[in-house]
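So you can see what is in the structure, the chains are spelled out below.
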Amino acid sequence: MKLSLVVPCYNEAENVAAFQDAVIAAFDGCGYDYELVFINDGSTDATLHNLKKLHAAQKCPTKVISFSRNFGKEAGIYAGLQHARGEYICLIDADLQQRPEVVRQMVEILDLEPEYDVVAAFQERRRENRILSFFKKSFYCVINRLSKVTLRSDASDFRTFRRSVRDSILELAEYHRFSKGIFAWVGFSTKFIPYTVCRRASGATKWGFKKLMNYAIEGIIAYSTAPLRLATILGGISSVASAVYLIAVILEKLFRGIDVPGYATQTVLILFFGSAQLLCLGIIGEYVGKIFEQSKHRPIYIAKEILDYEQETKEEKRG
Ligand code: UDP
Ligand code: MG
């Protein structure tokens, strides 16, 4: 098998068939075999029903992994990579915002340029409102300053890579998965090619502002311990400042005698130190929470049903 297309789907009932048709049209006459690995990420609409129809028809080798609930796109990607048989693996969305024609181009690059292991697409123009763009830019600015890996702000997880890259990604079995960080962390030589994001074929994006915010915080926590350092620095600065203030108070007492105690100063100090301590506790809590969840060693996803094209098996799988 030359190529596996890993397609996470969450409530994409209207898109999956159109997506498959677009792939078949794009790869017509390509001269190599490819498979589709759909992951039904706990959809609540007819996505699974429609995927089963695609699986039954087998217009091209089609596999369906259906989760027991919504585990998130990252878990979907992980499951898809585990089940991908191809020599090359491509991550692509089901909503046709990323065109299968570009995948064909990526495969050609991997064939012709053996020095590259990954071909990733970056967005030439973002179809987003300015506020969202501003927040995204700020996020990349922060994470690139804080963490040791460098993330490209315009690169998406739309990419095609060799099997060795897939194996390395699967070795990182962390529970909180942040793909962009994982790609940057595993390294490998990457070629970036420009692409224009199309409009969603049908339905709406699943990434609301709150979900994106959570994703951004997860990314920073997963790829940097700099916030913990911030807590140490804050603690250091406030200790020095309070030592200086202590000396000033003692000197004042010795040489001038204390007149009326400063109510405002005390209130400000209590509030300042109180909030600094809470902030630091919060930061530490974020990390402790992640350690707690990872220490439970829960599977990244639970597959309720797997429909393969080679052997007609239905089994339960945890990954
Ligand atoms: N997706 C998923 N699980 C989720 C959310 C999204 O598998 O919990 C899939 C979704 O079906 C789509 C891809 O991830 O194929 C990208 O999602 P979306 O189009 O909503 O994101 P956007 O393109 O707006 O960034
Ligand atoms: Mg989309």
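Scroll up for the structure.
Conventions adopted
Residues numbered from 1 in each chain as written. Chains lettered and ligands numbered in written order. Predicted model: local features only at pLDDT ≥ 70, side-chain atom pairs only at ≥ 80, totals over all residues. Heavy atoms only, no water. Helix = DSSP H or I, 4+ residues; strand = E, 2+ residues; numbered from the N terminus. Donors = N, O, S within 2.8 Å, 3.2 Å for Na, K, Ca; no water. Buried < 20%, exposed > 50% of the residue type's maximum accessible area, 1.4 Å probe, protein only. Phe/Tyr/Trp six-rings, centres within 6.5 Å; stacked < 30°, edge-to-face > 60°. Axes fitted to C-alpha atoms, helices over the stretch in contact; angles between N-to-C directions. Contact = heavy atoms within 4.5 Å. Nonpolar A, V, L, I, M, F, W, Y, C, P; charged D, E, K, R; others polar. Parallel < 35°, antiparallel > 145°, perpendicular 65-115°, else oblique. Left-handed = near helix turned anticlockwise from the far one by under 90°. Near = heavy atom within 4 Å. Polar contact = N/O pair within 3.5 Å; in protein donor to acceptor, adjacent residues only side chain to side chain. Areas by Shrake-Rupley, 256 points an atom, 1.4 Å probe, with all protein chains shown as cover. Expected span 1.5 Å × (residues − 1). Pairing = 2+ DSSP bridges. Right-handed = clockwise from strand over helix to strand, strands pointing away.

Asker: I keep staring at the environment of Q277 and nothing clicks. Help me out?
Answerer: One can find Q277 in helix α10 (residues 263–295). Sequence spacing of Q277 and G257 is 20 residues, and the spatial spacing of their C-alpha atoms is 32 Å.

Asker: Could you clarify how one ought to interpret the coordination of the magnesium ion (ligand 2) in this entry?
Answerer: As a benchmark, a tetrahedral metal site with four donors has ideal angles of 109.5 degrees, while an octahedral site with six donors has ideal angles of 90 or 180 degrees. Within the first shell, the magnesium ion (ligand 2) binds the protein through D95 (OD) and Q97 (OE1), at distances of 1.9 Å. Judged by relative accessible area, D95 falls into the buried class, the value being 3%.

Asker: Quick question: what am I supposed to make of the packing of aromatic side chains here?
Answerer: A ring pair, where both rings are aromatic, is described by two values, the distance of the centres and the angle of the planes. Under the criterion given, the structure shown has 12 aromatic pairs. Judged by centre distance (5.6 Å) and plane angle (90°), the ring pair of F67 and F71 falls under edge-to-face. Residue F67 shares its accessibility class with F71, and that shared class is buried. Summarising the aromatic geometry, the rings of F134 and F135 are spaced 5.7 Å apart at their centres and angled 70° between planes, so their arrangement reads as edge-to-face.

Asker: Please explain the packing of helix α1 (residues 16–26) against helix α2 (residues 47–57) as it appears in this structure.
Answerer: When two helices pack together, their arrangement is given by the angle between the helix axes and the distance between those axes. α2 packs onto α1 with a crossing angle of 35° between their chain directions and a minimal axis gap of 9 Å. Along the contact surface, α1 presents V16, A17 and Q20, while α2 presents T47, N50, L51 and L54. Here the residues of the contact of α1 with α2 are counted per class, giving four nonpolar, three polar and no charged.

Asker: Would you mind going over the packing of helix α3 (residues 73–83) against helix α6 (residues 163–171) with me for this structure?
Answerer: Relative orientation of the contacting elements α3 and α6 amounts to 130°, with a least axis distance of 10 Å. One way to sum up the angle between α3 and α6 is to call them oblique. Here the hand of the crossing between α3 and α6 comes out left-handed. Residue-level inspection shows Y78, L81 and Q82 of α3 in contact with α6, the latter providing R166, I169 and L170. Partitioning the contact of α3 with α6 into residue classes produces four nonpolar, one polar and one charged.

Asker: Is there a simple way to think about the site of ligand 1 in this case?
Answerer: For ligand 1, the set of nearby residues contains 17 residues, the closest of which are E12, D41, D95, T205 and K206. Within the backbone of Y10, one N or O atom sits 2.8 Å away from an oxygen atom of ligand 1. In the environment of ligand 1, an oxygen atom lies 3.0 Å from a nitrogen or oxygen atom belonging to the backbone of A94. Considering ligand 1 on its own, with 530 Å² of exposed area, one finds that the protein chains cover 88% of that surface.

Asker: Would you take a moment to explain helix α8 (residues 209–223) for this structure?
Answerer: An α-helical turn contains 3.6 residues, so a residue and the one three or four places further along point in the same direction. Between its first and last C-alpha atoms α8 spans 21 Å; for 15 residues at 1.5 Å apiece the expected length is 21 Å, and the two agree. Listed as buried for α8 are L212, Y215, A216, G219, I220, I221 and Y223.

Asker: What's the story with the pairing of strand β2 (residues 34–40) in this structure? I'm lost.
Answerer: On any regular strand, side chains alternate: one points to one face of the sheet, the next to the other face. Of all seven residues in β2, seven are buried; the element is thus mostly enclosed. Burial along β2 is two-sided: the face carrying Y34, L36, F38 and N40 and the face carrying E35, V37 and I39 are both buried. Pairing of strand β1 (residues 3–9) with β2, which is carried by seven bridges, proceeds in the parallel orientation. Looking at β2, one finds that P8 is bridged to I39. For the segment spanning β1, α1 and β2, crossover handedness is right-handed. As defined by bridge partners, β2 adjoins strand β3 (residues 62–67) across five bridges and the pair is classed as parallel.

It is worth stressing that arrangement in space is one thing and function is another; only the former is reported here.
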